[in-house]
Structure formats: structure tokens, C-alpha cells
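# Structural description and commentary
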Amino acid sequence: MAAPERNPTTNHIAARQVWPKKLPTFTGIPREWPKFYNYFVESTKACGLSPAENAARLDECLKGPAREAVEGWLDTPTSVPLVIKTLQRLYGRPSLVVKDLLEKIRRIAPPRPEHLDELITFGLAIQHLCNHLSNAELKHYLVNPELLEEMVEKLPATRKLEWQVSPRGYITQTYTRKPNRPQRTSKSPSQLDLLQPKKEQTR
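Figured I'd write up the structure that's included with this text. What you see is a predicted model; the values in this text were computed from it and never measured. (Residues numbered from 1 in each chain as written. Predicted model: local features only at pLDDT ≥ 70, side-chain atom pairs only at ≥ 80, totals over all residues. Heavy atoms only, no water.)

Our focus in this paragraph is the side chain of Lys-154. Note that Lys-154 resides in the loop between helix 8 (145-153) and helix 9 (157-165). Although Lys-154 lies buried, it forms no salt bridge, and the closest oppositely charged side chain, Glu-150, sits 7.0 Å away as judged by the N-O distance. Ignoring sequence-local partners within four residues, the contact set of Lys-154 consists of Ile-105, Arg-106, Ile-108, Ala-109, Pro-110, Pro-111 and Phe-122. (Helix = DSSP H or I, 4+ residues; strand = E, 2+ residues; numbered from the N terminus. Buried < 20%, exposed > 50% of the residue type's maximum accessible area, 1.4 Å probe, protein only. Lys, Arg positive; Asp, Glu negative; His and termini not counted. Salt bridge = Lys/Arg side-chain N within 4 Å of Asp/Glu carboxyl O. Contact = heavy atoms within 4.5 Å.)

This paragraph deals with helix 7 (residues 116-135). Between the first and last C-alpha of helix 7 there are 28 Å, a value that for 20 residues agrees with the 28 Å anticipated at 1.5 Å per step. Those residues of helix 7 not exposed but buried are Leu-119, Phe-122, Ala-125, Ile-126, Leu-129, His-132 and Leu-133. Relative to the axis of helix 7, the buried residues are bounded by an arc of 160° and lie together on one face. Turned more than 90 degrees away from the buried face of helix 7, the exposed residues are Leu-116, Asp-117, Leu-124 and Asn-135. Once helix 7 ends, the next one or two residues include Glu-137, with phi positive near 55°. (Expected span 1.5 Å × (residues − 1). Arc of directions from axis to C-beta.)

Here the focus is the packing of aromatic side chains. A complete count under the given rule lists six aromatic pairs for this structure. With a centroid separation of 5.4 Å and an interplanar angle of 70°, the aromatic rings of Trp-19 and Tyr-39 are classed as edge-to-face. Pair noted here: Trp-19 is in the loop between helix 1 (10-16) and helix 2 (33-47) and Tyr-39 is in helix 2, with a separation of 20 residues, a long-range link. For Trp-19, a relative accessible area of 28% puts it in the partly exposed group. Relative to Phe-36, the ring of Trp-33 lies with its centre 5.6 Å away and its plane at 45°, an arrangement referred to as tilted. Pair noted here: Trp-33 and Phe-36 are both in helix 2, with a separation of three residues, about one helical turn. Residue class for Trp-33 comes out buried when judged on its relative accessible area of 3%. Members of the aromatic cluster, joined through ring pairs, are Phe-26, Trp-33, Phe-36, Tyr-37 and Tyr-91. (Phe/Tyr/Trp six-rings, centres within 6.5 Å; stacked < 30°, edge-to-face > 60°.)

Look at helix 2 against helix 3 (residues 51-61): their axes get within 12 Å of each other, and the N-to-C directions meet at 155°. The pairing of helix 2 with helix 3 is recorded here as roughly antiparallel in orientation. In the packing of helix 2 onto helix 3, the handedness of the crossing is right-handed. On helix 3, the residues that touch Phe-36, Tyr-39, Phe-40, Ser-43 and Thr-44 of helix 2 are Asn-54, Arg-57, Leu-58 and Cys-61. Broken down by class, the residue content of the contact of helix 2 with helix 3 amounts to five nonpolar, three polar and one charged. (Axes fitted to C-alpha atoms, helices over the stretch in contact; angles between N-to-C directions. Parallel < 35°, antiparallel > 145°, perpendicular 65-115°, else oblique. Left-handed = near helix turned anticlockwise from the far one by under 90°. Nonpolar A, V, L, I, M, F, W, Y, C, P; charged D, E, K, R; others polar.)

With that settled, the discussion passes to a nonpolar patch on the surface. Taken together, the side chains of Leu-116, Ile-120 and Leu-124 present a nonpolar region at the surface, about 310 Å² in accessible area. For Leu-116, the position within the fold is in helix 7. (Patch = residues over 30% accessible without salt bridge, like charges linked within 9 Å, V, L, I, M, F, W, Y side chains within 5 Å. Areas by Shrake-Rupley, 256 points an atom, 1.4 Å probe, with all protein chains shown as cover.)

Moving on: the layout of surface pockets. Considering only enclosed or pocket space, the second largest pocket measures out at about 350 Å³ in volume. Forming the boundary of the second largest pocket are 19 residues, of which Pro-34, Lys-35, Asn-38, Val-97 and His-132 lie nearest the centre. Secondary structure elements with two or more residues in the lining of the second largest pocket: helix 2, helix 6 (94-107) and helix 7. Sort the elements by how many residues they give to the lining of the second largest pocket and helix 2 lands first, with five residues. For the lining of the second largest pocket, the class distribution of residues is seven nonpolar, seven polar and five charged. Each of two domains, domain 1 (11-92) and domain 2 (95-165), supplies a minimum of three residues to the lining of the second largest pocket. (1 Å grid on protein atoms, 1.4 Å probe; cavity = no way out; pocket = protein on both sides within 12 Å on 5 of 7 lines; lining within 4 Å. Points joined across faces, edges and corners; volume = space filled by probe spheres on them. Domains from an automatic or database assignment.)

Structural data, given as C-alpha cells:
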């Protein structure tokens, strides 16, 4: 027999006046999983929501492939943890989320120098990726020279030149550094070491 559900506390009732009742719609797009999952967890905790209430919320917000994957459990409140765990395995794996974010950026056409809006759109996509990598403890992607080089290659020629001559453009600086000749840079040695080719790291 299932344990009786606890009544919401005064704080829970107050939180329910602030938090939106509905969950964000989730269709199974990996890059949307962090937002959906965090909202589900935080709202459940803040509002003291019961399994029955969460089952109703999930039944309303899940669409498309995500719904099809767990539809058989949505009418059973005790299956809510299983629903979330299944969705996390299917769409919330960190590598899958990163892959989806990268594919989104790769589909963006290279911004043209005379179109500031295109450059801003590209920059926001990069910022979103960086924020996710930092929040998901995947910061090693941020010092991946191949990934950074790929992103820089999408920039207009003038912006690309600015990147290479600025302190941030340490990819080019690192790979063009001549052996046995120290190079002045504002970057810390640890960051340079992470980006240097293996041949130079052994010197």
C-alpha cells in the first residue's frame, strides 16, 4: 500500500502562487532537456508537488517522441520517477546534449560582416553552448583546439583576424609558436598547456 501523501506546507502554498503550474513543453530535443529537467526538479521541491500532480504535469507537457517513449506510464503517479529517469537516459546524457548544441551551431550560416544581426545570433549560440558546458561540468570542451578552430572559421575575415591578434586567440598563437622560443602572452601557462600539440607538451 502506498504511503499517504503529505499535505503542502505554508511555504509550499506560497511558492505555488509564484511558480507557473505548467512545465515547459518537451518533445525530445536534447538541448532542451537541461531547462526542462531543472524546472521539473526545482518546482517540485519548491511547491511540494505530489506524484499525482507531477504525473498530470508530465501528461500535459510531453509531446512527440518524448511522450511516445513513456506514454504507458503517464497515468500512474508512482511511475513519475521512472518517467524522468527514462527521459534522462534518452535525451539528457551530457554528450548527447553537447552534440545537439554543436549541430545547431554548425547549421547556422557563417555570419556576413555587413549583417550585425547574424553576428549577434552566432555569438549568442556560442554563449549558450559555453554556458551549458560550464554548468554541466564539461569545461574540457572549452579548451578543445579543434572545436574552437571550427567555431573561429565561421567568423568573417575581419573578425577572424581580430580573434587571432587578441589575447583570446591563443589557438593560433600556440600552434604557430616556434620551438625553444618563449612567446609573450596574457594567457596562463595552464591554458596554453591544454591547447598545445602533444609534441610540444613533451618538450
